[in-house]
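What the coordinates show
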Amino acid sequence: MGSRTPKLDLDVQVAVRGRELPTRRQLRAWASAALEHDAEVALRIVDDGEGLRLNSDYRGRNTATNVLTFAYSEDIELPPGMPMSGDIVLCAPVVENEARAQGKTLEAHYAHLVVHGMLHLQGYDHERDDEARAMEARESEILAKLGYPDPYSA
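Heads up: these notes are all about the structure in this document. Sequence order as written defines residue numbering, which begins from 1 separately in each chain. For this predicted model, a pLDDT threshold of at least 70 governs which residues receive local features, and a threshold of 80 or more governs which side-chain atom pairs are given and counted, while totals over whole chains, interfaces and linings are taken from all residues. As a rule here, side-chain values cover all heavy atoms of the structure and leave hydrogens and water aside.

Overview of the overall build of the chain
Rules: By the criteria applied, helices consist of DSSP H or I runs no shorter than four residues and strands consist of E runs no shorter than two, each listed in order from the N terminus. Taken over C-alpha atoms, the radius of gyration is set against a globule rule of 2.2 Å times the number of residues to the power 0.38.
Scanning the chain from N- to C-terminus turns up five helices and four strands. The linear arrangement of helices and strands in the chain, starting from the amino end, is β-α-β-α-β-β-α-α-α. The globule rule puts the C-alpha radius of gyration for 154 residues at 15 Å, and the 15 Å found for the chain is close to it. The dimensions of the chain, computed from C-alpha atoms along their principal axes, are 45 × 35 × 35 Å.

Focus on the pattern of salt bridges
Proximity of charged atoms lets side chains of opposite charge pair with each other. What counts here: The term salt bridge refers to a pairing of a side-chain nitrogen on Lys or Arg with a carboxyl oxygen on Asp or Glu at a separation within 4 Å. Residue exposure (1.4 Å probe, protein chains only): buried if accessible area is under 20% of the type maximum, exposed if over 50%, otherwise partly exposed.
Taken as a whole and judged by the stated rule, the model has seven salt bridges. A salt bridge links Glu96 to Arg19; its shortest N-O distance comes to 2.5 Å. Placement of Glu96 in helix H3 (residues 92–102) and of Arg19 in the loop between strand E1 (8–14) and helix H1 (24–33) is noted, with a sequence separation of 77 residues between them. Given the relative accessible area of 35%, Arg19 is considered partly exposed. A salt bridge links Asp130 to Arg128; the shortest N-O distance between them is 3.0 Å. With relative accessibility at 40%, the residue Asp130 sits in the partly exposed group. It is possible to trace a salt-bridge network through shared partners that takes in Glu36, Arg138, Glu141 and Lys145.

Some remarks on helix H5 (residues 129–145)
Counted only if it meets this: Multiply 1.5 Å by the residue count of a helix minus one, and that product is the helix's expected span. Contacts are residue-level and defined by heavy atoms, with any inter-residue pair within 4.5 Å sufficient.
With 17 residues, H5 should cover 24 Å at 1.5 Å per step; its first-to-last C-alpha distance of 24 Å lies within 8% of that length. Listed in full, the buried residues belonging to H5 are Ala132, Met135, Arg138, Glu139, Ser140, Ile142 and Leu143. Packing partners of the buried residues in H5 comprise H1 and helix H4 (106–121). Trailing H5 by a residue or two, Gly147 shows a phi angle of about 90°, which is positive.

Nothing here speaks to function; it is all geometry.
Pasting the structure below:
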């Protein structure tokens, strides 16, 4: 028997207006491309205010950030057949500013951050150098398959 394709239950929430945003289809494609395990994920796109509140409340940092990931099944062993779950929060103004500053298309930057968040949900991290190299390599591989440039190339 071959391996089964992981199942994604994705809830997209848009809490920001007047911004150029990816389509739900794009968000699903990017999240699915990074999926290694069955998952239930809420992906929320927010403004600066909500991004700042969340980053302050959960990370103790007084600024909005591009992506926050909340893995609810982290550090527990899931029963067989139980999907992992979590939230990914993207702050639209930060994503836009970074894309512009880094000379990337907005679409490519959103794709990267969705993939990045999905990998975090599945246990990838970048606290240590070896973890960062492994996570960045996986991100680059996924993004290449999706047709986007390597976000870590100079």
